[in-house]
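Descriptive analysis of the structure
Residue-level listing of the chains:
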Amino acid sequence: KAGVTQTPRYLIKTRGQQVTLSCSPISGHRSVSWYQQTPGQGLQFLFEYFSETQRNKGNFPGRFSGRQFSNSRSEMNVSTLELGDSALYLCASSWLGQGFETQYFGPGTRLLVL
Amino acid sequence: AQSVTQLGSHVSVSEGALVLLRCNYSSSVPPYLFWYVQYPNQGLQLLLKYTSAATLVKGINGFEAEFKKSETSFHLTKPSAHMSDAAEYFCAVSDASGGSYIPTFGRGTSLIVHP
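To keep things clear, this report deals only with the structure shown in the data block.

About the criteria used
- Residues numbered from 1 in each chain as written.
- Chains lettered and ligands numbered in written order.
- Predicted model: local features only at pLDDT ≥ 70, side-chain atom pairs only at ≥ 80, totals over all residues.
- Heavy atoms only, no water.
- Helix = DSSP H or I, 4+ residues; strand = E, 2+ residues; numbered from the N terminus.
- Rg over C-alpha atoms; globule rule 2.2 N^0.38 Å.
- Buried < 20%, exposed > 50% of the residue type's maximum accessible area, 1.4 Å probe, protein only.
- Contact = heavy atoms within 4.5 Å.
- Areas by Shrake-Rupley, 256 points an atom, 1.4 Å probe, with all protein chains shown as cover.
- Lys, Arg positive; Asp, Glu negative; His and termini not counted.
- Charge placed at Lys NZ, Arg CZ, Asp CG, Glu CD.
- Salt bridge = Lys/Arg side-chain N within 4 Å of Asp/Glu carboxyl O.
- Polar contact = N/O pair within 3.5 Å; in protein donor to acceptor, adjacent residues only side chain to side chain.
- Pairing = 2+ DSSP bridges.
- Axes fitted to C-alpha atoms, helices over the stretch in contact; angles between N-to-C directions.
- Patch = residues over 30% accessible without salt bridge, like charges linked within 9 Å, V, L, I, M, F, W, Y side chains within 5 Å.
- Disulfide = S-S within 2.5 Å.

1. Focus: the overall build of chain B
What chain B contains, in helices and strands, is 0 helices and 11 strands. When the helices and strands of chain B are placed in sequence order, the string is β-β-β-β-β-β-β-β-β-β-β. By the compact-globule yardstick of 13 Å for 115 residues, chain B fits well, its C-alpha radius of gyration being 14 Å. Taking the principal axes of the C-alpha coordinates as reference, chain B spans close to 45 × 30 × 20 Å. For chain B, the proportion of its 115 residues judged to be buried stands at 44%. Counting contacts in chain B only where the partners sit at least 6 residues apart, residues at least 24 apart contribute 57% of the total. Per element, the accessible surface of chain B, about 5300 Å² overall, is 54% carbon and sulfur. Counting 7 positive and 7 negative side-chain charges, chain B places the averaged centre of each group 4 Å from the other.

2. A look at the interface of chain A and chain B
Contacts between the two partners involve 25 residues from chain A, matched on the other side by 19 residues from chain B. Remark: the boundary between chain A and chain B carries 0 salt bridges. Counting across the chain A and chain B interface gives 5 residue pairs in polar contact (both at pLDDT 80 or more). Mapped onto the side of chain A that touches chain B, the elements with two or more residues apiece are strand S4 (31-38), strand S5 (42-50) and strand S9 (87-94) of chain A.

3. Focus on the sheet that holds strand S3 (residues 19-24) of chain A
All names here are of chain A. One open sheet holds the 4 strands; their spatial order is S1-S3-S8-S7, and the pairing between them is antiparallel. The outermost strands of the open sheet, each flanked by one partner alone, are strand S1 (5-7) and strand S7 (64-68). For this sheet, the mean angle separating the axes of adjacent strands, direction not counted, is 20 degrees. Bridge analysis of S7 against strand S8 (residues 74-78) gives 5 bridges, and the strand direction is antiparallel. Counted as the bridge partner of arginine 67 is glutamate 75 from S8.

4. Observations regarding a nonpolar patch on the surface
All names here are of chain A. Taken together, the side chains of Ile12, Leu112 and Leu114 make up a nonpolar region of the molecular surface, amounting to roughly 300 Å² of accessible area. Within the fold, isoleucine 12 resides in strand S2 (residues 10-13). Relative accessible area serves as the criterion here: at 58%, isoleucine 12 is assigned to the exposed category.

5. Considerations on the pattern of salt bridges
Counted under the stated rule, the structure contains 7 salt bridges over all chains. A salt bridge links Asp85(B) to Lys78(B), with the shortest nitrogen-to-oxygen separation between them at 2.8 Å. Through salt bridges with shared partners, a single network forms among Arg63(A), Glu82(A) and Asp85(A).

6. Quick notes on the pairing of S8(A)
Residues and elements named next belong to chain A. Counting buried residues along S8, 5 of its 5 residues qualify, which places the element largely inside the surrounding structure. Of the two faces of S8, the one holding Ser74, Met76 and Val78 and the one holding Glu75 and Asn77 are both buried throughout. Pairing geometry for S3 and S8, over 5 bridges, is antiparallel. Within S8, the residue paired with leucine 21 across the bridge is methionine 76. Between the end of S7 and the start of S8, which pair antiparallel, lie 5 residues, with serine 72 showing a positive phi angle near 75 degrees.

7. Considering the state of the cysteines
All names here are of chain B. Here the structure, examined in full by the defined rule, presents 2 disulfides over all chains. For cysteine 23, the disulfide goes to cysteine 91, at an S-S distance of 2.0 Å. Measuring handedness by torsion sign, the sulfur bridge of cysteine 23 and cysteine 91 sits at about -65 degrees and is left-handed. Of the two residues, cysteine 23 is situated in strand S3 (residues 19-26) and cysteine 91 in strand S9 (residues 87-94); the sequence distance between them amounts to 68 residues. The buried category is assigned to cysteine 23, whose relative accessible area is 0%. We classify cysteine 91 as buried; its relative accessible area is 0%.

8. A look at the sheet that holds strand S6 (residues 56-58) of chain B
Residues and elements named next belong to chain B. A sheet is described by the order of its strands in space; here 5 strands give the open sequence S1-S3-S8-S7-S6, paired in antiparallel fashion. Strand pairing shows two members of the sheet lacking a second neighbour, strand S1 (3-7) and S6, which therefore form its edges. Averaged over all neighbouring strand pairs, the angle between strand axes comes to 20 degrees, with direction disregarded. Sheet analysis places strand S7 (residues 64-68) next to strand S8 (residues 73-78), joined by 5 bridges and oriented antiparallel. Counterpart to glutamate 64 in the pairing with S8 is threonine 77.

Here's what the structure looks like:
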C-alpha cells in the first residue's frame with residue numbers, strides 16, 4: 001500500500017505570494033491532518049479534515065486554509081506569505097482520525113519564504 | 001486538555017550504551033501515547049504506541065516504552081544504541097477531550113550517537 005505523498009517536496013516563495021500544498025493520504029484513509037514544523041515552535045497542529053469537512057482547527061490565522069476532496073486528497077493554502085511561514089509542512093492520514101489510531105505521516109513539503 | 005513534556009532537547013550517548021528518552025504527559029482522561037522518530041528530511045515514523053493494553057510496549061528497531069500512570073510518564077528506552085538511531089524523537093499524547101482526537105506532540109529530543 002502506498003504511503004502518504006506530498007507535493008511539491010520543496011518550494012521557494014517570496015513574501016506576499018500565496019502557496020498551495022497537496023497531500024494524498026493512504027488509500028482508504030478518510031482523515032487528513034496538517035502540521036507546521038519549525039525549529040522554534042516544534043510541531044503545531046493546523047487543521048484536520050474528515051470526509052471533506054474541517055473537523056478540528058489549530059490556532060493559526062485565517063491566511064491558512066485547507067480543503068479535502070471526495071477522494072480524501074487534501075490541499076492547504078497559505079495566502080500573503082510571511083517570512084515566519086518558512087517551515088516543514090507535514091500531512092498525516094488515518095482511517096477515522098480517532099485518538100487511538102496511528103497517524104501516518106508524509107515526507108513533508110519544505111517551504112522557504114524569502 | 002493534554003500536554004507533553006520531553007525532558008532534554010538533546011541526548012548524547014555512545015554506541016552500545018543505553019538510550020533513555022523521557023516523556024511526561026498531562027491528560028484529563030486515560031491517554032493514548034505514541035513515540036515517533038524523524039530522520040533528517042523525512043516525515044515522522046511511528047516507533048510504538050500505548051492504547052491501554054500492556055504497560056510495557058515494544059516497538060520497532062529494538063525500542064520499548066513503559067506506561068507509568070502514577071508518574072504520568074512514558075519514557076522510551078533501547079538497551080544498546082546504534083549509529084543509525086541518531087534522529088529526532090517525538091512523544092505524543094491523544095485523548096478524546098472535548099471530542100477532539102488530535103494528538104499533542106512534545107518539542108522533540110534529538111538523539112546523538114557517538115562512535
